[in-house]
Amino acid sequence: MKAGSRVTAIVMAGAVAGAIALSAAGCVGSTPAPGPTPATSAPSPATGQTATPTTTPAPTSSATPTPTPTPAAEDVYDTADSSTWLISYSGIGPVKLGRSVTDVLAEVGTGEQPCGPSVAAFFDSAVVAVGDGSDPSVVVAASTGVKPSVDPDDRPHTDAGIVAGSSFDELLTAYPDAEPYTDTQGRPGYRLTDGTSFIFFTSVDEATINIIDVSTLPVDVKEYCG
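What you see is a predicted model, and the numbers here were worked out from it, not measured in a lab.

Thresholds applied
- Residues numbered from 1 in each chain as written.
- Predicted model: local features only at pLDDT ≥ 70, side-chain atom pairs only at ≥ 80, totals over all residues.
- Heavy atoms only, no water.
- Pairing = 2+ DSSP bridges.
- Helix = DSSP H or I, 4+ residues; strand = E, 2+ residues; numbered from the N terminus.
- Axes fitted to C-alpha atoms, helices over the stretch in contact; angles between N-to-C directions.
- Contact = heavy atoms within 4.5 Å.
- Polar contact = N/O pair within 3.5 Å; in protein donor to acceptor, adjacent residues only side chain to side chain.
- Buried < 20%, exposed > 50% of the residue type's maximum accessible area, 1.4 Å probe, protein only.
- Arc of directions from axis to C-beta.

*Asks:* In this structure, what is going on with the sheet that holds strand 5 (residues 127–131)? I would like to understand it.
*Replies:* The strands making up a sheet associate through backbone hydrogen bonding, with each pair oriented either parallel or antiparallel. With respect to topology, 7 strands assemble into an open sheet ordered 4-5-6-10-9-8-7, the strand pairing being antiparallel. Each having just a single partner strand, strand 4 (119–122) and strand 7 (179–182) make up the two edges of the open sheet. Sheet twist, expressed as the average angle between the axes of neighbouring strands with direction ignored, equals 20°. In terms of strand pairing, strand 8 (residues 188–193) meets strand 9 (residues 198–203) through 5 bridges, oriented antiparallel. For L192, the partnering residue across the bridge sits in strand 9 and is I199. Where helix 2 (residues 101–108) meets the sheet, its contacts fall on strand 4, strand 5 and strand 6 (139–145), and the angle it forms with strand 4 comes to roughly 25°.

Here you go:
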């Protein structure tokens, strides 16, 4: 190789090396990538203050009062006032079907026993408790009738106001479903039933209700002292 050519080659090699060095220097001088952002801590409470947790008060329960039971209409009466005695399927006032005759006498206190221990009468026999003859005798029928000594306004009544002394027309107006029947002595009358007990309205003059009986039997009570 000639001397001039060798010099040229050396100069070119030096230029290439310088270019590589400049390129490397440019990389070192570039802006560094951003690092992770530091976490921000929550502010602390002021000095002397304590953080108090919030609590929800428990619901206050109030006890529900127990209602006082209302007595049935037939259980509300004055033993000394027969006008307060209701005629119902359970009996007449305190003369309840299935109750001891002795207990009825003890409660009312003014009754008598005209036919022995199985029968009790009240208000001049305007109301009668008929027992079954057992010991103690149990009421199988309650009866009320027309007594001149007892004013009609003072007699036991049904929930519709029918009393011994009312007419059949008044009865049928109050109880249009009353069933006609003839009693054991051939007297005309009507009866009502709730499927368990019966209420009999019997007439002697075929117009006025003279006797009202309550019984568990489908027939009226025969003469209670017979």
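*Asks:* Could you clarify how one ought to interpret the side chain of D183 in this entry?
*Replies:* Tracing the chain through its elements places D183 in the loop between strand 7 and strand 8. There is a polar contact of 2.9 Å between the side chain of D183 and the backbone nitrogen of G186. Looking at D183, its side chain comes within polar contact range of the main-chain nitrogen of R187, at 2.6 Å. Contacts of D183, omitting those with residues within four sequence positions, involve T202 and D220.

*Asks:* Help me out: how do you make sense of the sheet that holds strand 1 (residues 87–88) in this one?
*Replies:* Taken together, the 3 strands give an open sheet; going across it, the order is 1-2-3, and neighbouring strands pair in antiparallel fashion. Edge positions in the sheet fall to strand 1 and strand 3 (95–96), since each has one partner strand and no second.

*Asks:* Whenever I open this one, the environment of A73 confuses me. Can you help?
*Replies:* Within the element layout of this structure, A73 appears in the loop between helix 1 (3–28) and strand 1. Along the primary structure A73 and G93 are separated by 20 residues, whereas in three dimensions their C-alpha atoms are 9.5 Å apart.

*Asks:* What is the right way to read helix 2 from this model?
*Replies:* The periodicity of an α-helix, 3.6 residues per turn, causes residues three or four positions apart to be oriented the same way. Among the residues making up helix 2, those that are buried are V101, V104, L105 and V108. Projected down its long axis, helix 2 shows its buried positions confined to an angular sector of 100°, all on one face. Tucked into the core, helix 2 has its buried residues touching strand 3, strand 4, strand 5 and strand 6. The opening residue of helix 2 is S100, an N-cap whose side-chain oxygen sits 3.2 Å from the backbone nitrogen of T102.

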